[in-house]
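The lines below spell out each chain.
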Amino acid sequence: MTDLALLLFIVAFLVLGLKRSFIWVLLYIYIDTLAPQTIGWRFVAALPVSLIAFCAAFGGWLLVDNKKGAQFAFRQWLLVALLAYCAFTTFGADFPAEAAHKWSWVWKALLFAIFVPLTLTTRLRFEAVLLTMVLTAGAIIIDGGMKTATGGGGYGVLSLFVNDNSGMYESSTISTVAIAIIPTILWLVKYGTIFRPDWRVKTFAAALIFSCLLMPIGTQARTGLLCIALLGILMLRDTKRRFLYIVGAGLLGMAALPFVPQSYWDRMNTIEDHKEDESASTRLAVWQWTIDYAAEHPLGGGFDAYRGNSFTYRMPQRVDDGTGESVRMTTVTDKGRAYHSAVFEMLGEQGYPGITLWLWIHALGLWQMERIRRRWRGRTAEHEAWQAPLAVALQFGQAIYLLGSLFQGIAYQPFILTLVGVQCALWTYCKRTDSQKPESPRAAQRRRRARAGQNAVAAQAGALR
């Protein structure tokens, strides 16, 4: 029955897209995030629904969508360069078969991030994309939050819609995404027009945010705890009543305590005692191997180049010999271990050119959102009041992702790349709106004075000659 319901839902969106082709963009985001083809077992699984929606989104825009206001931003060109470079390294990858498999979904994620800003030309479309992203990810998060609240959480055992520890369903990834979308949820509650912010919307949003905060507990992902801490610090910047905010955050944390099992605290303690944690020791060894590998292969080894790593390291191990507990050094040999970091993932797979492009894309995004925040804050008109808060929400979400990406290989995560695409669209939208806005009398007066000063200087220079 679930399989049939998913199929009918997808077919309904495909039919609705015949009237409004932008709906196909939303459909692809839904499929790419939720992966219904892995939830269903018969009809949906037998069809290439992701490819169908992908082609429909592009074809609909090319053929029938209104392209007024569509612009190509500089960050989109950087994404194009990264896409081309990834294709280049794939052809010469150390492990061609594995690289081809990863390339089969990475190119779609990068191309969609390049494409989606061209479709976001109105406030309604911005909101529709963000709402689709939040609600689709929210479906996974609500499922995990309910199971956590009823005692079904645990490291590696929290079962979501599918029994697949990859993509959005990977524990650290969904924990990072859950915290990263909280600022966007708050923006939708305050500035949403599709669902007006009445008591029902606010109640649902509060419950969804609580589920988001429960995800790091349910998955016992240590990265999620760091993301929550960063979110709390970031939100202090724009909070007017900081004391009330701190008290409220403390009360919310206390409300979550009954859902926290002892196993969670035991796992969080390994953040402090990382030297005795095999997972952390392995990551440090892999990162060192990647640095050495990049020194020998500065152009990268292509996707999944980590499969060629092999290393030996020493780590302390607590041993109880009957007379008491002691710590002994143990030699561990390992090979073929994943990067567990987006930074080292890019460095190992795409070399120095790839990591430079990736860092440039994200650093420029943080800077552009800050520029929008400062330029548009304080505007009270309804059509100008939503841009600065949206820039803040996207900036916070990206910053949380960047922190989480330090400890997991999600450099090409499609959900986050779509978020980058929304940032590109907001940047071009705000630039276009400012250029079309009539010049204020005060700005015109300043411009005339500056021009008069330049003319006076030029006249004096001519007289001296």
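Residues numbered from 1 in each chain as written. Predicted model: local features only at pLDDT ≥ 70, side-chain atom pairs only at ≥ 80, totals over all residues. Heavy atoms only, no water.

(A) Inspection of the environment of A305 at higher detail. Locating A305 in the fold gives a position in the loop between α15 (278–296) and β1 (310–320). Judged by relative accessible area, A305 falls into the buried class, the value being 1%. In the structure, A305 is positioned 210 residues away from F95 in sequence and 6.7 Å away in space, judged by C-alpha atoms. Discounting chain neighbours no more than four positions away, the residues touching A305 are D94, F95, W289, Y293, Y339, G348 and E349. (Helix = DSSP H or I, 4+ residues; strand = E, 2+ residues; numbered from the N terminus. Buried < 20%, exposed > 50% of the residue type's maximum accessible area, 1.4 Å probe, protein only. Contact = heavy atoms within 4.5 Å.)

(B) Structural detail: a nonpolar patch on the surface. On the surface, L124, L135, I194, F195 and F204 cluster together into a nonpolar patch covering about 470 Å² of accessible area. Along the polypeptide, F195 turns up in the loop between α10 (182–191) and α11 (199–219). (Patch = residues over 30% accessible without salt bridge, like charges linked within 9 Å, V, L, I, M, F, W, Y side chains within 5 Å. Areas by Shrake-Rupley, 256 points an atom, 1.4 Å probe, with all protein chains shown as cover. Salt bridge = Lys/Arg side-chain N within 4 Å of Asp/Glu carboxyl O.)

(C) Summary view of unusual backbone geometry. Here D304, not a glycine, exhibits a phi torsion of approximately 60°, which is positive. With respect to the element layout, D304 can be found in the loop between α15 and β1. Even without being a glycine, H340 presents a positive backbone phi close to 55°. Position of H340 relative to the elements: it lies in the loop between β2 (325–335) and α16 (342–376).

(D) Layout of the packing of α16 against helix α17 (residues 387–405). One can describe the packing of α16 onto α17 by two numbers: an axis separation of 9 Å at closest approach and a directional angle of 155°. Relative to α17, the element α16 is oriented roughly antiparallel. Judged by the twist between their axes, the crossing of α16 over α17 is left-handed. Mapping the contact onto sequence places A342, V343, W358, I361, H362, G365, L366, M369, E370, I372, R373 and W376 in α16 and Q387, A388, A391, V392, L394, Q395, Q398, A399, Y401, L402 and S405 in α17. A breakdown of the residues in the contact of α16 with α17 according to their chemical character gives 15 nonpolar, six polar and two charged. (Axes fitted to C-alpha atoms, helices over the stretch in contact; angles between N-to-C directions. Parallel < 35°, antiparallel > 145°, perpendicular 65-115°, else oblique. Left-handed = near helix turned anticlockwise from the far one by under 90°. Nonpolar A, V, L, I, M, F, W, Y, C, P; charged D, E, K, R; others polar.)

(E) Expanded view of the packing of aromatic side chains. Tallied over the full model, the rule gives 23 aromatic pairs. Judged by centre distance (5.5 Å) and plane angle (85°), the ring pair of F54 and W107 falls under edge-to-face. Here F54, found in helix α5 (residues 49–63), pairs with W107, found in helix α7 (residues 96–119); they are 53 residues apart in sequence, far enough to count as distant. Through pairs of rings, three or more aromatic residues link up here, namely Y28, F54, F58, W61, W107, F112 and F115. A cation over an aromatic ring shows up here: K67 above the ring of W61, its NZ or CZ 5.2 Å from the ring centre. (Phe/Tyr/Trp six-rings, centres within 6.5 Å; stacked < 30°, edge-to-face > 60°. Lys NZ or Arg CZ within 6 Å of the ring centre and 35° of its normal.)

(F) Focus on the packing of helix α2 (residues 22–34) against α7. The contact between α2 and α7 brings their axes to 12 Å, and the two run at 145°. Note on packing geometry: the crossing formed by α2 with α7 is left-handed. Together, F22, V25, Y28 and I29 of α2 and K108, F112, F115, V116 and T119 of α7 make up the contact between the two elements. In the contact of α2 with α7, the residues fall into seven nonpolar, one polar and one charged.

(G) Seen up close, the side chain of E349. Structurally, the position occupied by E349 is in helix α16. On the basis of relative accessible area, E349 is assigned to the buried category, the value being 0%. Polar contacts involving the side chain of E349 include one to the main-chain amide nitrogen of D304, which spans 2.9 Å. Those residues in contact with E349 that lie beyond four places of it in its chain are T89, K102, L299, G300, G301, G302, F303, D304, A305, Y339 and Y412. (Polar contact = N/O pair within 3.5 Å; in protein donor to acceptor, adjacent residues only side chain to side chain.)

(H) Fine view of the pattern of salt bridges. Inspection of the entire model under this criterion finds nine salt bridges. Here D65 makes a salt bridge to R125, at a shortest N to O gap of 2.8 Å. In this pair, D65 sits in the loop between α5 and α6 (74–91) while R125 sits in helix α8 (residues 123–149), placing the two residues 60 residues apart along the sequence. Judged by relative accessible area, D65 falls into the buried class, the value being 11%.

(I) Spatial organisation of the environment of L402. You can see L402 is positioned in helix α17. On the basis of relative accessibility, which here comes to 18%, the residue L402 falls in the buried class. Taking the C-alpha atoms as reference points, L402 and C227, separated by 175 residues in sequence, lie 9.5 Å from one another. When neighbours within four sequence positions are excluded, L402 is seen to be in contact with W358, H362 and L366.

(J) The environment of K102, seen in detail. Along the chain, K102 falls in helix α7. When the C-alpha positions of K102 and Y412 are compared, they lie 10.0 Å apart, and in sequence the two are 310 residues distant. When near neighbours in sequence (up to four residues on either side) are disregarded, K102 contacts F303, D304, E345, E349 and Y412. Reaching out from K102, the side chain makes a polar contact with the side chain of E345 at a distance of 2.7 Å.

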